[in-house]
Each structure stands twice: as structure tokens, then as C-alpha cells.
Amino acid sequence: MPLSAPSPSGTPSADPAAARLELTLPDLRATERLAERLAECLEPGFALFLSGELGAGKTTFTRALLRALGYTGRVKSPTFTLLESYELPSFRLYHFDFYRLSDRAWLDAGFDDYLGGSGVAVIEWPEHAGDGLPAPDLRLRLEVDAAAGDDARVARLEAASPRGLACLKALRAAGGAC
């Protein structure tokens, strides 16, 4: 479902293509480089939605994102805990996994308190949260590209806010190559 991403001025973007970016990630290192580049865009209140089938690399991407942000501790998948929190120099990063949640159970768990505040939210499986989840700044869908190799992925990014658009602009300025 396409997003109508606002421009940095807060009005709908005149160029819908500016709100989308597709990247080929030929190997694990390319996925890590994408995480490193996106880490530079993160600031308090930022929300990143991660989608993709099981095994697409969502947690691997988040681990690389945390490393790029300077986190040196153990990075665990929140598959069973639903939330892992990481204290970073500039903000706290909340890593959610909504795979096991049904519809609006994330609200019952109080997770809405973590969104839009002084932390950054990275949410795997946002489609399991139902309609009540606020729009992200950026959506990232990782897809396995088996024809290109076991570790190859296609990254489809879509901005849904001025901050998301700024991220895509920065990725494009860096050449988009990962």
C-alpha cells in the first residue's frame, strides 16, 4: 500500500518517487552498510518499521544498526520478550517484535508509551499491530533475493514523514550503494 509521504514542509510530496527507494544488497556486509547509513538519520522520536518474511534479516539489520550507533553489548532478538531496550549516548533505542502479538495487544502491553518520545523505536512485524500503530518515519522491507545468493536481499524503503524523506535523501546523496 503506497504512502502519501509529506514533504519536509509538511505538505504532500510533489514527487512520490522521492518517498521510495529500492536497494540491492548483495551480501551481509551490504545490509550492515545500509544499517550504518540509516543510523546517521536516527534521532529521538524516530520510528522505523521493519517488515519481511521470517529469516529476511530484520534482527540482523537491527544488530548492525545498534553497532553503528556505538552499542557494544549483546543484541538479542525480542521475539519472545517482545521488547529489548538499549541505552545509547544520544537516546534509548526500543527494539520491538510484534510477530506474536494480535492486533492491538501492543496497546494493552503499554508499548505506546515508548513511541514518539525521547527514544527511537524499531518495530519488527508492525503489520501485526493493527490500525492503532502511529505512522513511522520510515518503512523498510527486506526481501530475500535467492537468485542472487543466500545472503542477498532487496531493501524497499518508504518515507512517511519529513524525517523519513530526509533519510532517503541522505541515502541517495551517498550514492544509494550499500
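Here we summarise the structure given alongside this text. In this text, all values refer to a predicted model and were calculated from it rather than measured experimentally.

### Digging into the overall build of the protein chain
Next, step 1: Across its full length, the protein chain carries four helices and seven strands.
Next, step 2: Helices and strands appear in the protein chain in the N-to-C order β-α-β-α-β-β-α-β-β-β-α.
Next, step 3: Taken across its 178 residues, the protein chain has 47% of its residues classed as buried.
Next, step 4: In the protein chain, 67% of the contacts between residues at least 6 apart in sequence involve partners at least 24 apart.

### Observations concerning the side chain of His95
Next, step 1: In this fold, His95 is placed in strand E4 (residues 92-97).
Next, step 2: Residue His95 is classed as buried on the basis of its relative accessible area of 0%.
Next, step 3: A polar contact is formed between the side chain of His95 and the side chain of Glu124, at a distance of 2.6 Å.

Criteria and thresholds
Residues numbered from 1 in each chain as written. Predicted model: local features only at pLDDT ≥ 70, side-chain atom pairs only at ≥ 80, totals over all residues. Heavy atoms only, no water. Helix = DSSP H or I, 4+ residues; strand = E, 2+ residues; numbered from the N terminus. Buried < 20%, exposed > 50% of the residue type's maximum accessible area, 1.4 Å probe, protein only. Contact = heavy atoms within 4.5 Å. Polar contact = N/O pair within 3.5 Å; in protein donor to acceptor, adjacent residues only side chain to side chain.

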